[in-house]
Amino acid sequence: MENKHPTYEELLTRVKDQEAQEEIFRTVIKQMENLYAQVASSQTEIEQKNQELKDERVKLQLLNEELQKAKRDADNANKAKSEFLASMSHEIRTPMNAIIGMAELLLDTTLSNEQQEYVELFKSAGDNLLDIINDILDLSKVESGQLQLETVAFDLSELIEKTCDVMSIRAHKKNLELACHIMPDVMVDVVGDPVRLRQIMVNLIGNALKFTEKGEVVLTVENAKTTKEAGNMKNRELLFSVSDTGIGIPHDKLDIIFESFTQADSSTTRKYGGTGLGLSISKRLVEMMGGRIWVESEVGKGSVFRFAATLGIPESPHVHKAHSRPPEPDIKGMKTIIIDDNVTNRLILKNMLSGWGAAITEAENGAEGLSEIRKAASARDPFKLVLLDCRMPGMDGFGVAEQIKKEPGDVGMAVMMLTSDNRAGDTARCLELGITGYIVKPVKRASLKDAIANIMNARSGASKNVTVFECDISVEAPPKTLEIHRPLHILLAEDNEINQKMALRMLEKRGHTVVVAENGRKALEALEGEKFDLVLTDVQMPEMDGLELVKRIRAREREAGGHIPIIAMTAMAIIGDKERCLEAGMDSYVSKPIKQDELFEAIRRLVFLPETENVPSRAAGETEDNADADDGVCDIALAMSGLGGDEELLKELAVIFLENCPKQMADVKTAISQGNSKAIEKSSHAVKGSVGVFCANLAHNAALKLEIMGRENNLAAITEAYLSLEREIARLTISLKRALV
């Protein structure tokens, strides 16, 4: 068979096919080369990105280290600031103690009118400087996070009325009306921080009084629209308003007035004084209470400052003594006329009396009031009660009362005078004109109830001409001197010579004998050598400070028995000072500069028995437990009343309490050591229930505070709260043992 060779055309075709395949291979190879190049480029970019990420990570690490260092520096700065403030507070308050204290002592001596004016001037300047120091310290505490709110049960109406009582002195000096109005539906048994709430109200009322030259300042409290739930405890939001008829605030300044060291106009600082801190502190405190603060104002027409604050509703309302809640007077249908030129005062009185069922008529001046009185008498439907403003333009209150006395016939009207001040000679004129009651504004709900009750009692007595004169407060009268039940032998531990002399003079003028120790070590030596009724100790002293002194005294007492009352006197003002003093074993605490009234009130509460007509002195051989029981720990009379006067039952309950309370307190302590919130709540609730029958409000509130902390799992300050309860239970135990004797 013959082999067939490819033709030329076939060979040419094969060559072309091979060339085409080679071209395809070359294209594929080129594409692969391009792909490899792209992969290499991407890998380079990835490596660059990785490097950039590494660089960023290093930068972040450095930044984090810088932030941590800045935080450490800030913490150290805050600590240094706190220590500096504590030190500066001591250094400033120590001379302030001498200035204000010596001024008070001088005012108690015989002075010429000119000398009296000078002393009152520098005492006022000292008080103003102290207010500025306190404001700066408070602002610092808030900014550094050191200020913490208390959670205790208190009576809101009592707090507001006492606040207005104090502020009314400033108002009366400027001839301004100061009124407070709590709406009838406001629940006044609340839980919160009464001290800080009072501080806000004082700042706002003080601010209003400062910038008001004529007219009025009115504090109003009403329910806000919301009720919040927090665990098992309801919270009520209340709206507080302070309105004035002062100079007003420009619209463009309304936002900045709440900033620190800021007032609407720098000229106001020169004219009215102040630092511009009060509103800033108030704003921070309101925000801590879960609320907000704002202002509405018009230049020349006055301002209204409002703030909303959230307060708790206690589990057991009406925890206060019965006298804080007098019953509504039975005046339903009593025909009453209110004669007052101030529309706000008329509104407040009308709301109070209408709530008790009285039939109200209003008159805005004396002539109109007399016309209404005569009209009612002619219709043989006379008024039974006249509420009469003392200081009115035209015919004043005394002029109206004088005309009423001249009216023919005996219509049986009772006249009550309401005044914005209390001037010399008013008492005599009231008696002369047959005025039944006399109350200084702002009129407190409880005072008005008591006054009306006195009127009704007088009218129902054997003699229908009996008059009852009641002066609620006296603005111009000097502070009431506390009666000395018996002279005390007092140990004073104080290193500052000026403060030593001032305290010595105060105490010796009240009939007490005093031994001075210049530091804690010498105070301990003095206690070894003789017996004292009371120890007053400074906190900061050389060699041994006041805290260490008290710890050693209490350690000795645990071994040998007994308990000596100890009061701390400190010029420090940083958060926790009071707690540290009480935790160390102090019984009470007063801040420097020392005010005589505050000091002697603390002494009275700790040492003296409840005031009676005849206070027995300590008998020979009387036990220390008997002697050291505190006034105000419990109300045995009120407790007896709650048990229907059954003294034997009260004693039985006291015996049961004394037997069971140590175990209950041990349960509380165990729960705290275990950090068991529910057990803390349960055991504290048991203690609260045990003390309630004895009307022991301090112990009740201390147990309630622990119960709330357990319920809310808020254990930050649980140790201090327990120590407070432990102290109150110890004091209650002493009082009950005395009651069993």
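Keep in mind that this is a model prediction, so the values were computed, not measured.

Parameters and conventions
Residues numbered from 1 in each chain as written. Predicted model: local features only at pLDDT ≥ 70, side-chain atom pairs only at ≥ 80, totals over all residues. Heavy atoms only, no water. 1 Å grid on protein atoms, 1.4 Å probe; cavity = no way out; pocket = protein on both sides within 12 Å on 5 of 7 lines; lining within 4 Å. Points joined across faces, edges and corners; volume = space filled by probe spheres on them. Helix = DSSP H or I, 4+ residues; strand = E, 2+ residues; numbered from the N terminus. Pairing = 2+ DSSP bridges. Axes fitted to C-alpha atoms, helices over the stretch in contact; angles between N-to-C directions. Phe/Tyr/Trp six-rings, centres within 6.5 Å; stacked < 30°, edge-to-face > 60°. Buried < 20%, exposed > 50% of the residue type's maximum accessible area, 1.4 Å probe, protein only. Lys NZ or Arg CZ within 6 Å of the ring centre and 35° of its normal. pLDDT = per-residue confidence, 0-100. Contact = heavy atoms within 4.5 Å. Core = buried A, V, L, I, M, F, W, Y, C linked by side-chain atoms within 4.5 Å. Salt bridge = Lys/Arg side-chain N within 4 Å of Asp/Glu carboxyl O. Parallel < 35°, antiparallel > 145°, perpendicular 65-115°, else oblique. Left-handed = near helix turned anticlockwise from the far one by under 90°. Nonpolar A, V, L, I, M, F, W, Y, C, P; charged D, E, K, R; others polar.

A. Looking closely at empty space enclosed by the protein. Scanning all chains against the criterion turns up three cavities of 30 Å³ or more. In this structure, the largest cavity occupies an estimated 90 Å³ of space. In this structure, the largest cavity is lined by Leu-178, Ala-179, Cys-180, Asp-340, Asn-345, Ile-348, Leu-349, Leu-418, Lys-441, Pro-442 and Val-443. Within the residue set of the lining of the largest cavity, elements represented by two or more residues are strand E2 (177-182) and helix H7 (343-355).

B. Focus on the sheet that holds strand E13 (residues 489-493). In spatial order, the strands read E14-E13-E15-E16-E17; together these five strands make up an open sheet with parallel pairing. In this open sheet, the two strands that pair with only one neighbour each are strand E14 (513-517) and strand E17 (588-591). Neighbouring strand axes in the sheet, compared pairwise and without regard to direction, differ in orientation by 20 degrees on average. As judged from the four bridges shared by E13 and strand E15 (residues 534-538), these two strands associate in the parallel manner.

C. Quick peek at the packing of aromatic side chains. Counted according to the given criterion, the structure contains one aromatic pair. Aromatic side chains Phe-240 and Phe-307 sit 4.6 Å apart centroid to centroid with 0 degrees between the ring planes, which places their arrangement in the stacked category. Of this pair, Phe-240 sits in strand E5 (residues 233-244) while Phe-307 sits in strand E7 (residues 302-312), placing them 67 residues apart in sequence. We classify Phe-240 as buried; its relative accessible area is 0%. Here the guanidinium or amino end of Arg-292 rests over the ring plane of Trp-294, the centre of that ring lying 3.9 Å away. Between Lys-335 and the ring centre of Phe-383, over which it is positioned, the NZ or CZ distance is 5.0 Å.

D. Main features of the confidence of the model for the protein chain. Per-residue confidence for the protein chain gives a mean pLDDT of 76; residues scoring 70 or more make up 76%. Here residues 264-275 is modelled with pLDDT under 50, and outside its nearest four sequence neighbours on either side it reaches 22 contacts, counting other chains as well. Within the model, pLDDT remains below 50 along residues 609-631, and this stretch shows 39 contacts once partners closer than five positions in the same chain are excluded.

E. Structural view of the nonpolar core. If you look at the biggest cluster of nonpolar residues, it comprises 44 residues, and the most contacted ones within it are Leu-156, Ile-160, Leu-197, Ile-205, Phe-240 and Phe-307. The leading source of residues in this core is helix H4 (residues 194-210), at eight residues. Non-local contacts of Ile-160, meaning those with residues more than four positions away in its chain, are made with Cys-180, Ile-182, Met-201, Leu-219, Val-221 and Phe-240. Core analysis: the second largest hydrophobic core is formed by 30 residues, Val-633, Ala-671, Ala-699 and Ala-721 among them.

F. Spotlight on the pattern of salt bridges. Summed over all chains, the structure comprises 24 salt bridges. Across the pair Arg-346 and Glu-362 runs a salt bridge whose closest N-O atoms are separated by 3.1 Å. Linking Arg-346 in helix H7 with Glu-362 in strand E9 (residues 359-363), this pair joins segments that are 16 residues apart in sequence. Owing to a relative accessible area of 29%, Glu-362 belongs among the partly exposed residues under this scheme. Here Glu-707 and Arg-711 are joined by a salt bridge, their closest N and O atoms 2.9 Å apart. In this pair, Glu-707 and Arg-711 both sit in helix H21 (residues 697-711), four residues apart, roughly one turn of the helix. A single burial state applies to Glu-707 and to Arg-711, both of which are buried. Via salt bridges that share partners, Arg-346, Lys-350 and Glu-362 belong to a single interconnected network.

G. Quick peek at the sheet that holds strand E10 (residues 385-389). Pairing is parallel across the open sheet formed by five strands, whose spatial order is E9-E8-E10-E11-E12. Each having just a single partner strand, E9 and strand E12 (437-440) make up the two edges of the open sheet. Each strand axis lies, on average, 20 degrees off the axis of its neighbour in the sheet, ignoring direction. Sheet topology note: the strand E8 (residues 335-339)/E10 ladder contains four bridges and is parallel. Bridged to Thr-336 within E10 is Leu-385.

H. Fine view of the packing of helix H13 (residues 520-529) against helix H14 (residues 546-560). At their nearest, the axes of H13 and H14 sit 9 Å apart, and the two run at 25 degrees to each other. Judged by the angle between their axes, H13 and H14 are roughly parallel. Seen from above, H13 lies across H14 with right-handed handedness. Across from Gly-520, Ala-523, Leu-524, Leu-527 and Glu-528 in H13, the residues of H14 making contact are Leu-549, Arg-552, Ile-553 and Arg-556. For the contact of H13 with H14, the class distribution of residues is five nonpolar, one polar and three charged.

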